[in-house]
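Observations on chain architecture
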Amino acid sequence: MGGGAAGLYVALRAAEQGAAVALISRKPLAESASYWAQGGLAAALAPDDSPARHADDTLNAGRGLCRAEAVETLAREAPAAVEELRERGVRFDTEPDGSLGLALEGGHSARRIVHAGGARTGRAITGRLTELVAAQSRITVLEETSAVALWSDGSRCAGVVTDAGPIGARATVFATGGGAALWRRTTNPWGAIGAGAVLAHAAGADLADLEFCQFHPTALALPGSEYDGTLLTEALRGEGAELLDASGRRFTDELAPRDQVAEAILDRIEADRAAHVRLDLRSLAAERFPNVFAACRAAGLDPHREPVPVAPAAHYLMGGIVCDLDGRASLSGLFAVGECACSGVHGANRLASNSLTECFVFGARAAIAAASAPSSDAPVRLPKWRFDPPTAATREAVWRRAGPRREAATLEPLLDDPYPLARLVARVALDRRESRGPHRRADHPRRDSALDGVHMVIGPNAQARRERWS
Ligand code: SIN
């Protein structure tokens, strides 16, 4: 399920293992969230870099919550993942001497982000993978088809129920993307409402870390405009873009991990009684980031003339469907890859550009595990439950009540929200009585070291339990 980078790649790899694959996508393949991704893939490719250093940066950004084994796997396998994509025909940006161009982003201690087409990496990768999927005879693509439930009896997943009917499968791989659009102010397309997590949980799978939503520091702040929330990639700051306060002064390290920069911006907005800070792009070459400059101009801004207004917006849900390093969920027959998955690799605060890398490193492993999943003849009854999307009122409530600043009194009313994921986010956000990563709780302003490495896991009974994974 899912036509973004993770779904395309898993389908391809599973088919190459000999599996017959149905790739189901709610939208035409070209319209996935990955297609719009501006960030690149993080991989230790520079001569002065190493997987150990990449792992250290990931652990540092993850604020005491990363699963160490997942981080080591990601960092170790990332360079080969980039190389494999090149061999499959993805053209990453290169330097004049032909070597790969390596960019810098927040929280990275070395240049290690590969891009394609400047800030059009998602488009380049999903475009090439779509061509490869179309050419693979063992893959059937079902576009504009939505999952409405998992075909599960609570103990085994036997496939998926779609709006076009049930589809049985030995293994069902969810690559349905994230849930950051459940927060009204978001950089994500509106479809990123955590549907995969809701379906998986209703079918009997465990979810975890839902209290951790990452807020991207630099989303256009144009309330009321269709351009409000447009992502201004972190790579801009890597190339020298500066954050300025109301009096035009720099106020923070633009290349600190994302939670720290977003926090500094929110503090500054509060201190200045402003609605936003500004990002100064005047020193940057427009040709390097054509889509960013074009988006600013379309929004009526001239980034060559004056700094543009920005403020944090919901960007990435670290939590999701609990899975092991081969994508296996707690519900037999179900796998999860990409943003809908929660392997613990991102901890409380994902390091920039680790998410596309995650899709390929863990996607390859999940494809192999799924392709060799055993079949079962035991009948599984079709469920009666059906997915219902969130309303605009839910998205507004989640943004206001479970945003970067929260406390018990604001979270509690969300426990009665009609959308299950809003309720689950509130449940675990209330249980985590501390401030960590992207959130500051007014009623628990400090990080609690007793909660280092503790994941809030929600099983089918909706009760949260605490687990340590590393
Ligand atoms: C960005 O380009 O700033 C977003 C990339 C990411 O979220 O890793």
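Residues numbered from 1 in each chain as written. Predicted model: local features only at pLDDT ≥ 70, side-chain atom pairs only at ≥ 80, totals over all residues. Heavy atoms only, no water.

1. Description of the overall build of the protein
Using the following cut-off: Numbering of helices and strands runs from the N terminus; a helix is a DSSP stretch of H or I covering at least four residues, while a strand is a stretch of E covering at least two. As a reference, a globule follows 2.2 Å times the number of residues to the power 0.38, and the radius of gyration itself is taken over C-alpha atoms. Burial status follows relative accessibility: with a 1.4 Å probe on protein chains alone, a residue under 20% of its type maximum counts as buried, one over 50% as exposed, and anything between as partly exposed.
Broken down by element type, the protein carries 12 helices and 20 strands. Scaling as 2.2 N^0.38, a compact globule of 470 residues should have a C-alpha radius of gyration of about 23 Å, and the protein matches this with 21 Å. In terms of its C-alpha atoms, the protein occupies a principal-axis envelope of roughly 70 × 55 × 40 Å. Counting only residues that meet the buried cut, the protein has 61% of its 470 residues in that class.

2. Re the sheet that holds strand E16 (residues 341-342)
The cut-off we apply is this: The pairing criterion for strands is at least two bridges between them, as found by DSSP. Any two residues whose heavy atoms approach within 4.5 Å are treated as being in contact. To get an axis, fit a line to the C-alpha atoms, keeping to the stretch in contact for a helix; angles then go from 0 to 180 degrees between the N-to-C directions.
Strand order across the open sheet formed by five strands is E16-E14-E9-E19-E20, with mixed pairing between neighbours. Of all the strands in the sheet, just E16 and strand E20 (464-468) have a single pairing partner and so form its edges. Here strand E9 (residues 207-208) pairs with strand E14 (residues 320-322) via two bridges, running antiparallel. Across the sheet, Leu-207 pairs through a bridge with Ile-321, a residue of E14. Here helix H5 (residues 195-203) sits on the sheet in contact with E9, E14 and strand E19 (454-458), set at roughly 40° to E14. On top of the sheet, helix H12 (residues 420-431) reaches E9, E19 and E20; it is set at about 145° to E19, its chief contact.

3. Some thoughts on the packing of helix H1 (residues 5-16) against helix H9 (residues 354-371)
We count it as follows: Throughout, a crossing is termed right-handed when the near helix is turned clockwise from the far one, and left-handed when it is turned anticlockwise from it by less than a right angle. All residues other than Ala, Val, Leu, Ile, Met, Phe, Trp, Tyr, Cys, Pro, Asp, Glu, Lys and Arg, Gly among them, are scored as polar; the first ten of these are nonpolar and the last four charged.
Running from N to C, H1 and H9 cross one another at 35°; their axes reach a closest spacing of 8 Å. In the crossing of H1 with H9, the sense of the turn from one axis to the other is right-handed. On H9, the residues touching Ala-5, Ala-6, Tyr-9, Val-10, Arg-13 and Ala-14 of H1 are Leu-356, Cys-359, Phe-360, Gly-363, Ala-364, Ala-367, Ile-368 and Ala-371. In the contact of H1 with H9, the residues fall into 12 nonpolar, one polar and one charged.

4. Some details on the site of the ligand
Definition in use: Being near a molecule or strand, for a residue, comes down to having at least one heavy atom within 4 Å of it. Two N or O atoms form a polar contact when they lie within 3.5 Å of each other; inside protein one atom must be a possible hydrogen donor and the other a possible acceptor, and for residues adjacent in sequence the pair counts only when both atoms belong to side chains. Computed by Shrake-Rupley with a 1.4 Å probe, the accessible areas treat only the displayed protein chains as cover when residues are assessed.
Around the ligand sit Gln-38, Gly-39, His-216, Thr-233, Glu-234, Arg-258, His-315, Arg-350, Ala-352 and Ser-353, and that is every residue in its neighbourhood. With respect to the ligand, the backbone of Glu-234 contributes an N or O atom lying 2.7 Å from an oxygen atom. Contacts to the ligand include Ser-353, whose backbone N or O atom sits 2.7 Å from an oxygen atom. For the ligand, the protein covers 95% of the area, taking 260 Å² as the surface of the free molecule. For the shell around the ligand, the residue count by class is one nonpolar, six polar and three charged.

5. Observations concerning helix H4 (residues 121-134)
Rules: Expected helix span is computed as 1.5 Å times (number of residues minus one). Note that the arc is computed from the directions linking the helix axis to the C-beta atoms.
Across its 14 residues, H4 extends 20 Å between first and last C-alpha, which sits within 8% of the 20 Å expected from 1.5 Å per residue. Those residues of H4 not exposed but buried are Thr-121, Gly-122, Ile-125, Thr-126, Leu-129, Leu-132 and Val-133. Buried residues in H4, looked at end-on, bunch into an arc of 120°, giving them a common side.

6. Description of the side chain of Asp-57
By the secondary structure assignment, Asp-57 is in helix H2 (residues 51-61). Note on Asp-57: relative accessible area 10%, which makes it buried.

7. Some remarks on the layout of surface pockets
Quick reminder of the rule: Only protein atoms enter the calculation, which uses a 1 Å grid: trapped sets of points that fit a 1.4 Å probe without letting it out are cavities, open sets showing protein on both sides within 12 Å along at least five of seven lines are pockets, and any residue with an atom within 4 Å of a point is a lining residue. Grid points are joined across faces, edges and corners, and a volume is the space filled by probe spheres set on the points.
If you add up the space inside the second largest pocket, you get close to 440 Å³. Ala-20, Val-21, Ala-22, Ala-169 and Ala-171 are the residues nearest the centre of the second largest pocket, which is lined by 23 residues in total. Elements supplying a minimum of two residues to the lining of the second largest pocket: H1, strand E1 (21-24), strand E6 (157-162), strand E7 (165-168), strand E8 (172-174) and H9.

8. Topic: helix H7 (residues 258-272)
A rise of 1.5 Å per residue sets the reference length of H7, with its 15 residues, at 21 Å; its end C-alpha atoms lie 21 Å apart and thus fit the reference within 8%. Inspection of H7 places Arg-258, Asp-259, Val-261, Ala-262, Glu-263, Ala-264, Ile-265, Leu-266 and Ile-269 among the buried residues, and these make up the whole buried set. One or two residues past the end of H7 sits Arg-273, with phi positive at roughly 50°.

9. What to know about the pattern of salt bridges
Formally: By definition here, a salt bridge exists when the distance from a side-chain nitrogen of Lys or Arg to a carboxyl oxygen of Asp or Glu is within 4 Å.
Applying the stated criterion across every chain, the model contains 37 salt bridges. Between Glu-77 and Arg-76 there is a salt bridge; the shortest N-O distance is 3.4 Å. With its nearest N and O atoms 2.6 Å apart, the salt bridge here joins Arg-432 to Glu-211. Linking Arg-432 in the loop between H12 and strand E18 (440-441) with Glu-211 in the loop between E9 and strand E10 (213-220), this pair joins segments that are 221 residues apart in sequence. Pair check on accessibility: Arg-432 and Glu-211 agree, each one buried. Connected via shared salt-bridge partners are Arg-76, Glu-77, Asp-324, Asp-326, Arg-328 and Arg-365.

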